[in-house]
Amino acid sequence: MRSRSKLMHGAAFGALAALSSAPVAHAQQALPQITIGAAQRAPVAPPPVRESTAGEAGYAPGFTAARAKLPIYRDPPGETVTIVNTKFLRPTPLADVRKVLEYSPGVSVQQGNNARDLFLSIRGSGNRLGAAFPFGVRNIMLWEDGFPIMTADGNARTDLLDPHAYAALDVYRGPSSALFGNYAYGGAINFRSFTGAEIDGVHTGSEFGSFGYVNNYVRVGKAVKDSVLGGFDLAFFASDANSSGWARNSFSGKQAKFLGRWDVTPNDRVVVKYIANNLRAEYINRENLAVFNLNPFQQGCAIPTVWNAQLCNNLNVPANGISTPLIRQSVWQLGTHTNSLRQIAGVQFEHDFDNSATWRTQFTYDYLDYINGTWPPPILGPAGQGGPVALRGPTVGITAQTDITSHAALFGFPATHFLQFFYNNAKTTNPTFNQIANTWYSGAIGAQIGKMDSYVSNIGLRAREEIALAPGLTGVIGFSANWNRVWGVNTAYNYTANLAPRFPTQIAVDNDYWNTAPEASLTYRYSPEWQVRARYATAYSTPTFVFLTNTRNGVGQNPLKAQTNMGVDLGIDWTPSPDLTVSATGFNEWHRNEILTLSNILVSYSQNIPSSLHRGVELNADWRPFEGWRLIMAYTFNNQIFTNYWDDLGAPNTGPPFFTPLAGGASALYNRSGNRIPNVPPHTLTLRYGYDHPHGDLAGLGAYVEYIYKSDYTIDNANYTTIPSYGLVNLNAHYNHDLTNFYIKNIELYFDVQNVFNRTYVSGATSLANTLITRTPFQTPIVWPTGGLVTQQGWGILAGQPIGFSGGVKLKF
């Protein structure tokens, strides 16, 4: 790891030297307009968060000269898209992308299994899938500069996402499969890197703060034009981030990224993308609600004792690394960690047939190799105890797509036509092992308890028509079709207590899914101040291999169906002046066979919900009431309920040992219709109010206060267990100063206090299964939330960061 770090630093300085010596002539090509800026007065900065096409000029929404040069997914009319420009977050310490995404309505972020692991959710889409394997982000498509950064099975990881690399984010809210295909069930996010023209030199920064947080990064970029070779836009980013963590959840992450564009001829362009990421992160000791209330940061829990049994959530593992007897261990004793190496390389060729037609072809290679601890396990653990396991092995995949975009008129109406064909696949090999007690940092492995070999592929097409039906009115229709195949073998090895030879159990899967997704929308710009959006859209997401080979009884075939989402959005955008922008969107989505992942202490498993209803309201606003003052707000109301779901709480019994199971292992069905869907907060709010001095010697001096609120929410189907609400207050002071006639162009200093009032809160949770138990053979069975009583193998909750201090310095050369 240390050698990789040295290589990364060497690459960064090498790129810096090469680009700094490049000719200083700027490229003359038109660049995409930056839509968000810092608080200014002349000229007035656009809003930091806006809806697509809101406040634009042009004949009709989506029909501007600038957008005609962009790919179809950029600033699309009719889509519910929030564009977040990171420029307004320039004086904010950014340890991860949480801060950026929380300013988009509809988005919620939960803490994952390590400090750089986040569960992203759009309209509640991702929070229902739990924290066990497969890890990361699901039901949302993730892209970086138009290249996929998720594997073909729909899994993505946030440790790739250093926010200092991005100039803006496009957040597509609601069903989006017509535009993005499989897995865009709740939406999609495109992270846009700084281009060479935007960097125009060297940007470097260092952030540091509480809990050992240090992040050093550099951006190097230049746009040049040569009369013989054509135009070049080159951008390089590298970062080295480390932290000891507020709950012994340390991490060390190093990454390098490159984005290059070569204008070979006036009609031909080549875009190259490369990402390298190396992460080592310690796992967090998850806890149940009782332990969270007593000892939220798991102090004194590194070594389990009889004295801290009620204060610590520790795990049971085989003492010999193979089978029983079991002993209690903390994640730190086990050395439970993740160590992942990710490389993504992509190339895109673009050719203009004429001024109105462009052909794009893109190819991406994705390699992910990791060592990962997980609990609950993807297979039943040692001696049926469901203990923590370690995974190894790579995932290797490719994506190929080709499309054509034409702006030829349709029956005299201005129009944009789009057709794309695509294919992707991923091959995964994951052997799983017991973890050995008392290995601490190394995380040594014991006996192999299973192996997962799987393959997934997608092939299909996407089409879209955008038509300017009248001045100010744009109609859109879209469609996608996708054939998905998932096949593989999940093998579990069962060891007896006397260490006899293992007995394998194998489950084979070969499933295919055919899905289509139509979409239609109207966007009407009544006046420069008012825009109205109406949208009907659908989406689909197929189950991954692990979901198909695990049931609540352990390894077994799980006949899951593809989940589908049909939604209606109605939105309005109001821009009465450059100082005020308000957008509101109401949505109603009907879900069929929605996949819900639950933990029953022994194993994590998934099931289809026949039907559910998601509805809500999303608001964002930017208001500058006085010169230098600015208010930014993002709010989401999310009401999600089961409309048809019978929860089977029959055998096996997973309750506390002093209860007995339902006799005979019979089914026990409970009607959950009308219950809230677990792990979806009904209300989320991000609010920021600040002042930046606009003139004179104090220009650039500013401060803001930030408030983040999340309402209480349930984490079980019976709605018995509730995570309490919380509100956090953050304070920030900063200074930004331009320098003239000096080698340094700009210097920026900032200091931030997070969680000023030191609130103890839940930053992440996973959905729990309920258990049917009886107190005696003669009493009526009762329903209990699994994990509510159990303390030795409790599961689900992570405490958020206590009060912390961080600051930074940034320089531009």
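Cut-offs applied
Residues numbered from 1 in each chain as written. Predicted model: local features only at pLDDT ≥ 70, side-chain atom pairs only at ≥ 80, totals over all residues. Heavy atoms only, no water. Helix = DSSP H or I, 4+ residues; strand = E, 2+ residues; numbered from the N terminus. Contact = heavy atoms within 4.5 Å. Areas by Shrake-Rupley, 256 points an atom, 1.4 Å probe, with all protein chains shown as cover. Phe/Tyr/Trp six-rings, centres within 6.5 Å; stacked < 30°, edge-to-face > 60°. Buried < 20%, exposed > 50% of the residue type's maximum accessible area, 1.4 Å probe, protein only. Pairing = 2+ DSSP bridges. Polar contact = N/O pair within 3.5 Å; in protein donor to acceptor, adjacent residues only side chain to side chain. Core = buried A, V, L, I, M, F, W, Y, C linked by side-chain atoms within 4.5 Å. pLDDT = per-residue confidence, 0-100. Salt bridge = Lys/Arg side-chain N within 4 Å of Asp/Glu carboxyl O. Patch = residues over 30% accessible without salt bridge, like charges linked within 9 Å, V, L, I, M, F, W, Y side chains within 5 Å.

Participant: Explanation requested: the overall build of the protein chain in the structure shown.
Facilitator: Counting its secondary structure elements, the protein chain contains eight helices and 43 strands. Long-range pairs, those at least 24 residues apart, make up 69% of the contacts in the protein chain between residues at least 6 apart in sequence. Accessible surface for the protein chain amounts to roughly 29500 Å². Of this, 64% is attributable to carbon and sulfur atoms.

Participant: What is the right way to read the packing of aromatic side chains from this model?
Facilitator: By the definition in use, this model includes 16 aromatic pairs. Where tyrosine 172 meets phenylalanine 180, the ring centres are 4.8 Å apart and the plane angle is 75°; that geometry is what we call edge-to-face. Assessed through its relative accessible area of 4%, phenylalanine 180 is described here as buried. Measuring from ring centre to ring centre gives 5.8 Å for phenylalanine 232 and tryptophan 262, while their planes differ by 5°; the resulting arrangement is stacked. Taken together, the residues span a long stretch of sequence, with phenylalanine 232 in strand β11 (residues 230-243) and tryptophan 262 in strand β12 (residues 251-265) at a distance of 30 residues.

Participant: Quick question: what am I supposed to make of the pairing of strand β21 (residues 445-470) here?
Facilitator: Regular strands place side chains that alternate from one sheet face to the opposite one. Across 20 bridges, the pairing between strand β20 (residues 415-435) and β21 is antiparallel. Counted as the bridge partner of leucine 419 is alanine 463 from β21. Strand direction decides the pairing type here: β21 and strand β22 (residues 473-494), joined by 20 bridges, are antiparallel. Looking at the pairing, isoleucine 459 lines up with tryptophan 483 of β22.

Participant: Would you mind going over the sheet that holds strand β7 (residues 166-173) with me for this structure?
Facilitator: Strand pairing in a sheet relies on backbone hydrogen bonds. The paired strands run either parallel or antiparallel. Spatial ordering of the open sheet is given by β1-β2-β7-β8-β5-β6, a layout of six strands whose pairing is mixed. Edge strands, defined here as strands with exactly one partner in the open sheet, are β1 (49-51) and β6 (147-148). Sheet analysis places β1 next to strand β2 (residues 81-85), joined by three bridges and oriented antiparallel. Looking across to β2, one finds that valine 49 is bridged to valine 84.

Participant: Explanation requested: unusual backbone geometry in the structure shown.
Facilitator: As a rule of thumb, non-glycine residues mostly have phi less than zero, and peptide bonds are mostly trans rather than cis. Look at aspartate 75: it is not a glycine, yet its phi comes out positive at around 50°. Checked against the element boundaries, aspartate 75 lands in the loop between α2 (65-68) and β2. The phi dihedral of arginine 123 is positive, around 55°, even though this residue is not glycine. Take arginine 123: it is sitting in the loop between β4 (118-122) and β5 (140-144). The class for arginine 123 is buried, based on a relative accessible area of 2%.

Participant: What is the right way to look at the environment of tyrosine 536 in this model?
Facilitator: For tyrosine 536, the position within the fold is in strand β24 (residues 530-541). Under the relative-accessibility criterion, tyrosine 536 is labelled partly exposed at 32%. Between the alpha carbons of tyrosine 536 and asparagine 588 there is a distance of 9.9 Å; along the sequence they are 52 residues apart. Ignoring sequence-local partners within four residues, the contact set of tyrosine 536 consists of Pro518, Glu519, Ala520, Met566, Gly567 and Val568.

Participant: Looking at this structure, how should I read the environment of threonine 64?
Facilitator: Among the secondary structure elements, threonine 64 is positioned in the loop between β1 and α2. Through-space distance from the C-alpha of threonine 64 to that of threonine 53 is 9.6 Å; in sequence the pair is 11 residues apart. Ignoring any residue separated from it by four or fewer positions in sequence, one finds threonine 64 in contact with Glu56, Ala57 and Gly58. Within the local environment of threonine 64, its side chain forms a polar contact with the backbone nitrogen of arginine 67, the two atoms lying 3.2 Å apart.

Participant: Please explain the side chain of arginine 67 as it appears in this structure.
Facilitator: Tracing the backbone through its elements, the reader meets arginine 67 in helix α2. For arginine 67, a relative accessible area of 8% translates into the label buried. A polar contact of 2.9 Å, which involves the side chain of arginine 67, links it to the backbone oxygen of isoleucine 72. Look past the residues within four positions of arginine 67 in its chain and what remains in contact with it is Gly62, Ile72, Arg74, Asp75, Pro76, Pro77 and Glu466.

Participant: What's the story with the nonpolar core in this structure? I'm lost.
Facilitator: A general tendency of soluble globular proteins is for nonpolar side chains to be buried together. By size, the foremost hydrophobic cluster in this structure holds 60 residues, and its most contacted members are Leu101, Phe180, Ile189 and Phe191. Trp246, Leu768, Ile797 and Ala799 belong to the second largest nonpolar core, which has 12 residues in total.

Participant: Sorry, what's going on with the pairing of strand β27 (residues 563-577) here?
Facilitator: Summarising the sheet, β24 and β27 pair through 12 bridges and their orientation is antiparallel. Looking at the pairing, alanine 534 lines up with leucine 570 of β27. With 12 bridges joining them, β27 and strand β28 (residues 580-599) adopt antiparallel strand pairing. Of the residues in β28, the one forming a bridge with serine 577 is leucine 580. Counting the residues between successive antiparallel strands, the hairpin from β27 to β28 contains two residues.

Participant: I tried to follow the confidence of the model for the protein chain on my own but got confused; where do I start?
Facilitator: Per-residue confidence for the protein chain averages 84 on the pLDDT scale, and 84% of its residues sit at or above 70. Counted against residues more than four places away or in other chains, residues 652-664, with its pLDDT under 50, gives 27 contacts. Note that pLDDT drops below 50 for residues 787-794; the model gives that stretch 31 contacts with residues more than four away or on any other chain.

Participant: Looking at this structure, I do not really get the environment of glycine 62. What am I missing?
Facilitator: Topologically, glycine 62 is positioned in the loop between β1 and α2. For the pair glycine 62 and glycine 472, spaced 410 residues apart in the sequence, the C-alpha separation amounts to 9.7 Å. Glycine 62 has contacts with Thr53, Glu56, Arg67 and Pro77, leaving out every residue within four places of it along the chain.

Participant: For this particular structure, what's the right way to read the pattern of salt bridges?
Facilitator: Any two side chains of opposite charge can pair, so long as their charged atoms come close to each other. Under the definition given, this model contains 36 salt bridges. Here lysine 99 ties to glutamate 706 by a salt bridge, and the two come within 2.3 Å at their closest N and O atoms. Residue lysine 99 is found in helix α3 (residues 98-101), and its partner glutamate 706 is found in strand β34 (residues 701-710); the two are separated by 607 residues along the sequence. Linked through salt bridges whose partners overlap, the residues forming this network are Glu51, Arg67, Glu79, Arg123, Arg173, Arg464, Glu466, Glu519, Arg535, Asp569, Glu589 and Glu618.

Participant: What am I meant to see in a nonpolar patch on the surface here?
Facilitator: Nonpolar side chains collect at one region of the surface, where Tyr524, Tyr526, Trp530, Val532, Leu570, Ile572 and Trp574 lie side by side and expose about 670 Å² of accessible area between them. Contributing elements (two or more residues each) for the nonpolar patch: β23 (503-527), β24 and β27. Among the elements that make up the nonpolar patch, the one with the highest residue count is β27 (three residues).

Participant: Teacher, can you tell me more about the side chain of aspartate 145 here?
Facilitator: Structurally, aspartate 145 can be placed in the loop between β5 and β6. Side-chain polar atoms of aspartate 145 contact the side chain of lysine 273, separated by 2.7 Å. Apart from residues no more than four positions distant in its own chain, aspartate 145 is found in contact with Tyr73, Asn190, Phe191, Arg192, Ser193, Leu259 and Lys273.

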